[in-house]
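Reading the structure
Each chain is listed here by its residues.
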Amino acid sequence: MEYDRRHFLAGTGAAFFCTIAGHRLSLDQPADMSALAQDIKVPPEVAAAQGATDASSAAGKRATGAEYWIRAETMSWDIVPNGHDAMMNQRVRGKTKFSAYGYRQYTANFASPIGPATIPGPLLEVNVGETLTVHFENDVDVPVTMHPHGVFYANEMDGAYKGKFTTPGGFVQPGRRFTYLWEAHPDSVGAWLYHDHGPADPVTIFKGLFGSLIVRDPADPAPPDAEYFLTLHSLQPIATGLRQQFECINGRAYAGNTPTLHAQVGQRVAFHVVTLDNDFHTFHLHGHRWTDPSGEIIDTKVMGPAESHTFTIESEDNPGRWLYHCHVFTHLHMGMAGWYIVK
Amino acid sequence: MEYDRRHFLAGTGAAFFCTIAGHRLSLDQPADMSALAQDIKVPPEVAAAQGATDASSAAGKRATGAEYWIRAETMSWDIVPNGHDAMMNQRVRGKTKFSAYGYRQYTANFASPIGPATIPGPLLEVNVGETLTVHFENDVDVPVTMHPHGVFYANEMDGAYKGKFTTPGGFVQPGRRFTYLWEAHPDSVGAWLYHDHGPADPVTIFKGLFGSLIVRDPADPAPPDAEYFLTLHSLQPIATGLRQQFECINGRAYAGNTPTLHAQVGQRVAFHVVTLDNDFHTFHLHGHRWTDPSGEIIDTKVMGPAESHTFTIESEDNPGRWLYHCHVFTHLHMGMAGWYIVK
Amino acid sequence: MEYDRRHFLAGTGAAFFCTIAGHRLSLDQPADMSALAQDIKVPPEVAAAQGATDASSAAGKRATGAEYWIRAETMSWDIVPNGHDAMMNQRVRGKTKFSAYGYRQYTANFASPIGPATIPGPLLEVNVGETLTVHFENDVDVPVTMHPHGVFYANEMDGAYKGKFTTPGGFVQPGRRFTYLWEAHPDSVGAWLYHDHGPADPVTIFKGLFGSLIVRDPADPAPPDAEYFLTLHSLQPIATGLRQQFECINGRAYAGNTPTLHAQVGQRVAFHVVTLDNDFHTFHLHGHRWTDPSGEIIDTKVMGPAESHTFTIESEDNPGRWLYHCHVFTHLHMGMAGWYIVK
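Values in this document were obtained by computation on a predicted structure and should not be read as measured data.

Further remarks concern the overall build of chain A. Along its length, chain A carries 6 helices and 23 strands. The C-alpha atoms of chain A give a radius of gyration of 20 Å, which matches the 20 Å a tight globule of 343 residues would have. Taking the principal axes of the C-alpha coordinates as reference, chain A spans close to 60 × 60 × 40 Å. For chain A, buried positions account for 59% of its 343 residues. For chain A, the proportion of contacts with a sequence separation of at least 24, taken over those separated by at least 6, is 72%.

What follows deals with the interface of chain C and chain A. Between chain C and chain A, the residue contacts involve 36 residues of the former and 37 residues of the latter. Contributing elements (two or more residues each) for the side of chain C that touches chain A: α1 (2–10), β1 (16–20) and β20 (300–303) of chain C. For the side of chain C that touches chain A, the residue count by class is 16 nonpolar, 14 polar and 6 charged.

Now for the sheet that holds strand β14 (residues 246–249) of chain C. Residue and element names in this part refer to chain C. Across the sheet, which stays open at both edges, the 4 strands sit in the order β14-β13-β16-β21 with mixed pairing between neighbours. In this open sheet, the two edge strands, each paired with only one partner strand, are β14 and β21 (308–313). Each strand axis lies, on average, 15° off the axis of its neighbour in the sheet, ignoring direction. Sheet analysis places strand β13 (residues 226–235) next to β14, joined by 4 bridges and oriented antiparallel. By the bridge assignment, L235 is partnered in β14 with F246.

Turning our eyes to something else, we now look at the relation of the copies chain A and chain B. With an RMSD of 0.0 Å, chain A superimposes on chain B once it is rotated by 120° and translated 0.0 Å along the axis. When the rotation and shift are considered jointly, the pair of chain copies conforms to a three-fold rotation axis. Among all residues of chain A, the one whose C-alpha sits closest to the rotation axis is S294(A), at a distance of 2.9 Å.

So, on to the interface of chain A and chain B. Contacts between the two partners involve 36 residues from chain A, matched on the other side by 37 residues from chain B. Of all the elements in the fold, those that place two or more residues in the side of chain A that touches chain B are α1 (2–10), β1 (16–20) and β20 (300–303) of chain A.

Here we take up the environment of T291(B). With respect to the helices and strands, the residue T291(B) is situated in strand β18 (residues 290–291). On the basis of neighbour counts, which here come to 14 C-beta atoms within 10 Å, the residue T291(B) falls in the partly exposed class.

With that settled, consider the pairing of β20(C). Residue and element names in this part refer to chain C. Judged by which residues are buried, β20 turns out to be covered on both faces: T300 and V302 on one side and K301 and M303 on the other are all buried. As paired strands, strand β17 (residues 281–285) and β20 are joined by 4 bridges and run antiparallel to one another. Note that in β20 the partner of T282 across the bridge is V302.

Attention now moves to the sheet that holds strand β11 (residues 190–195) of chain C. All names here are of chain C. Within the open sheet, the 4 strands sit side by side as β7-β12-β11-β9. Their pairing is mixed. Sheet topology places β7 (124–127) and β9 (147–148) at the edges, where each strand pairs with a single neighbour. Sheet analysis places β9 next to β11, joined by 2 bridges and oriented antiparallel. Each bridged residue has a counterpart across the sheet, and for P148 the counterpart in β11 is Y194.

Here the focus is unusual backbone geometry. Residue I119(B) is joined to P120(B) through a cis peptide bond whose omega torsion reads -5°. A cis amide bond links D201(B) with the next residue in sequence, P202(B), at an omega value of 10°. Among the secondary structure elements, P202(B) is positioned in the loop between β11 (190–195) and α4 (203–206). Of note, the phi angle at N89(A) is positive, near 50°, even though the residue is not glycine. Mapped onto the elements, N89(A) comes out in the loop between β4 (84–85) and β5 (90–91). Positive phi is not limited to glycine here, since A21(C) has a value of about 50°.

Looking now at the relation of the copies chain C and chain A. Superposition of chain C onto chain A requires a rotation of 120° combined with a translation of 0.0 Å along the rotation axis, giving an RMSD of 0.0 Å. The fraction of interface residues of chain C whose copies in chain A are also interface residues is only 8%, indicating that the copies meet through different surfaces.

Attention now goes to the environment of D277(C). Residues and elements named next belong to chain C. If you trace the backbone, D277 turns up in the loop between β16 (269–276) and β17. Residues D277 and P202 lie 75 residues apart in sequence; the distance between their C-alpha atoms is 9.1 Å. The residues contacting D277, other than those within four sequence positions of it, are L232, H233, S234 and P305.

For V328(A), the position within the fold is in the loop between β22 (320–326) and α6 (329–333). Sequence spacing of V328(A) and H281(A) is 47 residues, and the spatial spacing of their C-alpha atoms is 6.4 Å. Setting aside chain neighbours within four positions, we find V328(A) in contact with H281(A), T282(A), N278(C) and P305(C).

This part is about the confidence of the model for chain A. Low pLDDT marks regions whose predicted coordinates should not be analysed in detail. Scored by pLDDT, chain A has a mean of 91; 92% of the residues are at 70 or more. A low-confidence stretch, residues 1–14 of chain A stays under pLDDT 50, and its non-local contacts, those more than four residues away or across chains, total 23 contacts.

Rules and cut-offs
Residues numbered from 1 in each chain as written. Chains lettered and ligands numbered in written order. Predicted model: local features only at pLDDT ≥ 70, side-chain atom pairs only at ≥ 80, totals over all residues. Helix = DSSP H or I, 4+ residues; strand = E, 2+ residues; numbered from the N terminus. Rg over C-alpha atoms; globule rule 2.2 N^0.38 Å. Buried ≥ 20, exposed ≤ 12 C-beta atoms within 10 Å, placed from the backbone. Contact = placed C-beta atoms within 7 Å. Nonpolar A, V, L, I, M, F, W, Y, C, P; charged D, E, K, R; others polar. Pairing = 2+ DSSP bridges. Axes fitted to C-alpha atoms, helices over the stretch in contact; angles between N-to-C directions. Least-squares fit on C-alpha atoms with pLDDT ≥ 70 in both. pLDDT = per-residue confidence, 0-100.

Structure below.
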């Protein structure tokens, strides 16, 4: 019986994913974004502020750090561009391309794009003591936003949909803009996520609307020789319409498609790993160990949704072709692995 | 084929939840508590001790700390009292009320109740160096207990069912009492769970039999201006008989039903988060960051079943209406979110 | 519709486990190991090196630490030898014996076995500054390996299958040998896993091919009076062919079958807990608390696949019959519990 099966699965938290604007979404059925977009009502504070082109109250503040122009766009995205799983040396069967969302960086005033939209979106960088300015424009079909982790931000810079309490930054409608100001305090040092937190999240996140940001401490010693930002996440049927779930690193699945990282013996190499998913992961890097801030030696690290883990190999000492991967077996074998090549 | 589907799910750990007294329980079928109660046999040591009204060997010990009278009771509990999800500004459909179990606090000698039974149960407080005394009475249909985390306790104060090795504190039958003595050693400082660990656990836990306890260090500086205890847990069809699983904070699901927390700028605010579930969670608080004991800056924290996480915002500096929530998307959208309002 | 149901489940990461040599494996269907073995192609570098009996490039290096002779073998393994769950005092129904794989230790040059093959395999021990030598022989039907965590090893000592980049240590065919050299650097101190990482992993791991290794620091104070190595893992239908998934500690499920640990009051007791699974666990020990390296007091610890957690009870102070268990309820009730008896 259909009901019973779903009910049964509901018991495991998997059946009905969420209700958006009266639409019940389930993980295995692609969400109809245009139907969603039509039925999501504009919150009162957002409606009241719609006179201004840029609804941000940030206008009067002085940005002291980097300034970004970011647009959310639709794009075609291939999860497995080379159609091959290099770890298992076999072909990846089935369709792997879907209609994605991505954040795309532009030059000042959205004059011209700096490269294509990507999953994850552009890296945002800021130093402690500075304020990061992000001019955001929504060019996808549903209201979306940018919500940061780790940094300090005022209530109206939250980028989160909050029902009738939503302010304009938490509900940027198609065709509109909002300027976010996010402050890098001393207790913000590290690598963090940003992602959509609008009314259609997390479907939009599973379509690609997330990225990394880093808060650097100018008092730190010289930057590392190599620095890698890795996001562990999945691209799910609800968002891709594909038959299969892919376990991804930076929007790609399977070694040779996921980032191939490079370093040389003697180099100082930093890894910034974040996760954004409905699942938990453990990050493992072959041939290497590191210490966490408590001095504990680790080579495999548990991570939950939206967590960050940063570690630095002070002096790379182990040449080889190494695997880095999630140590959850189904995730590893559904694509969550890549190469780290040291020479 | 029915069998195959269940077998399949068994492979994921979800099909047969446990076998109690010969009854195979599955997560999607409400457990028949009265049938269970009839078929659970009294362990030999418990039967031998049944002469005394209060079977506890604690009689001869001197309690030096707080003394509590707690009764496990049945009650009707509404998971979503206002029927509304304030985060998404939408109605929560379907039945949300069920026949629950809860711990309820009484004045000395169970003279009169101090408020109703609740999920979670009453907060238990004790200082380092003291012994907490909990007089427990079981007024539900199955044998239940109180099992604490974090504190020191002797074998017979464990409150855990252990088959034929069970002592009276691990099997308090309907209508009977037991007095638990739990000691707060210096290595017990912090916030912890207590919960039923009798022969029908975890069904009883999913019906509401858990609470928080805190061990305070008198050498600590002044208490915080505001202090919040949050339990992340689910209420599941096996225990509620409802069609839907609810992802809860303190017995309620969806913002506006879960605790709405308050603080003022300048205040010192402590959060004590515990989890008790079949699932893993990550706790995220918008607009705030904190450090763990190793000095690591975090804004999202992975937590597994029965873990504790305590953090203090030394001086609240960010006014606004903030969301706190589990960052697992299905959990967030099945109710695990609330408001933190700073003025 | 059959497809849809599986598709649905695929959305939860549970349906198709992996594709090995063109065979799609799912968690609920036993894998046909002999069919797999036939279809896995020998990687080019491995084929080229097949002239030598022992393909290891370790021949010229001098081992300074312990030397082990380990063979992977098939065996019959009973997950619940006494057929009883002592925690619930009830019979465990259904078949519990299966055709397993195990690592087995031999005397020098594989002259004679030291005990039977076991799950987990033999404990490997090494001191900081030494090199561990492991002579490995494969006596099962598919290519398997030994891959270590925590220690330092050169690229060709990785023991990992890497498609066409695989070196001989990552693909030890039935009947062949390989000698691994693993180095214990100061940043390797602790307890770690080793496990198969060949082309048929993780099916082989779910059949039993894993074990613990410990790197000791000779500068440390006297060894503990008692020391226990516990692996939390599951034995799944895909590997066992049994109808039920078992949640195990050291190859056994249910208290009385899992390790019963012993200690005396006043003793120093070390616990080395590792996990190797598709799931996450929390390790809880009744009546005891400990501190992690950051000084945080814990009594329940979240652990993900392939993580390690070591803690020491400096002076055992609590006599009794204690449960240690995973605090995920389904895992606890599917067997992941044991006794710790202090006198």
